[in-house]
Amino acid sequence: MHKISTKLVNGGNDAAMQQINTINPPLHRASTVLFDSYSDMLKANCGQFEGIEYGTSGLAAQKAFESAMVELDGSYGCKAFQSGISAIAMVLMAFTRQGDHILICDNVYGPTRHFCDGFLSKYGVKTDYLPSSAGADVIDFIRDETKLIFMESPGSNTFEIQDVPAITSICREKGVVSVIDNTWATPLYMNPFELGVDISIQSATKYITGHSDILLGTVSTNERYWETFKKCCGLFEAFAPQEDCYQALRGLRTLAVRLKHHELAALDVATWLSEHDMVDAVIHPALANHPQHELWKRDFKGSSGLFGFTLKEEFEDMDHSLFVDNLGLFGLGYSWGGYKSLITGGKFMRTNHFGYEGKTIFRLNIGMEDVDDLKQDLSKSLQKLKK
Ligand SMILES: *Cc1c(COP(=O)(O)O)cnc(C)c1O
């Protein structure tokens, strides 16, 4: 019989290894993963082991979530990361090298821009910005060194749509990698691979997990770019936390129902706001007056719960905290896609000319509250600007 210390180290492990056939994937906590034999370890030592060799390889919950995303995206492979921005950074690092030039849509998520300007630039990768509503005109921006085009449609805060198929067909012709941040639509409302995109990114922090309590990102690629991408992830030993992958998989189970609610509730509030006497423009791709509404109708199957609006000229220079700080149901905070309604606001900077220069754009995340209560909250708080 073993002595006490040995019992403490090994007790219970055999029972824990028993396979219990739960409906959801097991949650492993592991750095070390045990090999069945020394010969497997020798294979792992020289990178030839096919199975899971270490915690960073991606454990059960991560694999389960990634394989669900492959099915949903219709991609060849998918990898999960600890946040949306780390997913974005990995793509940008995997497909660029010193001397390359990349093109990023101007309405891209702020931290994506900061990563290009502040990090890639250090390694000799030059970034230029495309107009937010770019299409076939990308041809004028492509140089011999252009390696990658990064789209986000609709883009952050200003919600312009790009002509994705026009861009991807040029990318194909020129051998440029096409990437899209598809967080707003999710794979349910827009399928990038059907529009010729090579790589699709999700901030699963938003709709996929849906409860504002998790940070997670995914990258799905087509067959052509999978090996290159996988190799770069391997060098970083990038992985995603198990509990978060588990919750993301759980989020997928209800995504269609939640997204439908966000869609209808946001359309209701957006339509109401567009008739409000203090509102100048409602910026929502599914409204007929959006400048790229026809493109949205052609390429998207639905809209989600995030949109913007501006106030009429006479309210522009007022102290907007009178409005925002009086809101009772809208939390003042970043991120979106969760059950609670949120507001952000500010003046947005772009490299190229765009339609809202100098204007404050308020951005609403419409959550799961009763829509009439939300409208009343907005209405009451907007009135505060009137006196
Ligand atoms: C939030 C967001 C991201 C980044 O996601 P995190 O998980 O918060 O890092 C990327 N793209 C878009 C469009 C986003 O809104």
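First, a word on scope: everything that follows refers to the structure included in this document. (Residues numbered from 1 in each chain as written. Predicted model: local features only at pLDDT ≥ 70, side-chain atom pairs only at ≥ 80, totals over all residues. Heavy atoms only, no water.)

**Looking at the packing of aromatic side chains**
The way to describe two aromatic rings as a pair is by their centre distance and the angle between their planes.
Reasoning step 1: A full pass over the atoms with the stated rule returns 13 aromatic pairs.
Reasoning step 2: With 6.3 Å between their ring centres and 65 degrees between their planes, Phe-309 and Phe-323 make a pair best called edge-to-face. Here Phe-309, found in strand S9 (residues 306-311), pairs with Phe-323, found in helix H13 (residues 321-324); they are 14 residues apart in sequence, far enough to count as distant. Accessibility classification places Phe-309 together with Phe-323 in one group, the buried group.
Reasoning step 3: Measuring from centroid to centroid gives 5.5 Å for Phe-309 and Phe-362, while their planes differ by 35 degrees, and the two rings are tilted. Separated by 53 residues along the polypeptide, Phe-309 in strand S9 and Phe-362 in strand S12 (residues 360-365) bring together distant segments of the chain.
Reasoning step 4: Overall, Phe-362 belongs to the buried group, its relative accessible area being 2%.
Reasoning step 5: Through a chain of ring-to-ring contacts, three or more aromatic side chains come together here, namely Phe-81, Phe-95, Tyr-225, Trp-226 and Phe-229.
Reasoning step 6: The ring of Tyr-109 has Lys-206 sitting right over it, with the charged end atom 5.5 Å from the ring centre.
Reasoning step 7: One cation-aromatic arrangement involves Arg-350 over Phe-354; the distance from NZ or CZ to the ring centre is 5.6 Å. (Phe/Tyr/Trp six-rings, centres within 6.5 Å; stacked < 30°, edge-to-face > 60°. Helix = DSSP H or I, 4+ residues; strand = E, 2+ residues; numbered from the N terminus. Buried < 20%, exposed > 50% of the residue type's maximum accessible area, 1.4 Å probe, protein only. Lys NZ or Arg CZ within 6 Å of the ring centre and 35° of its normal.)

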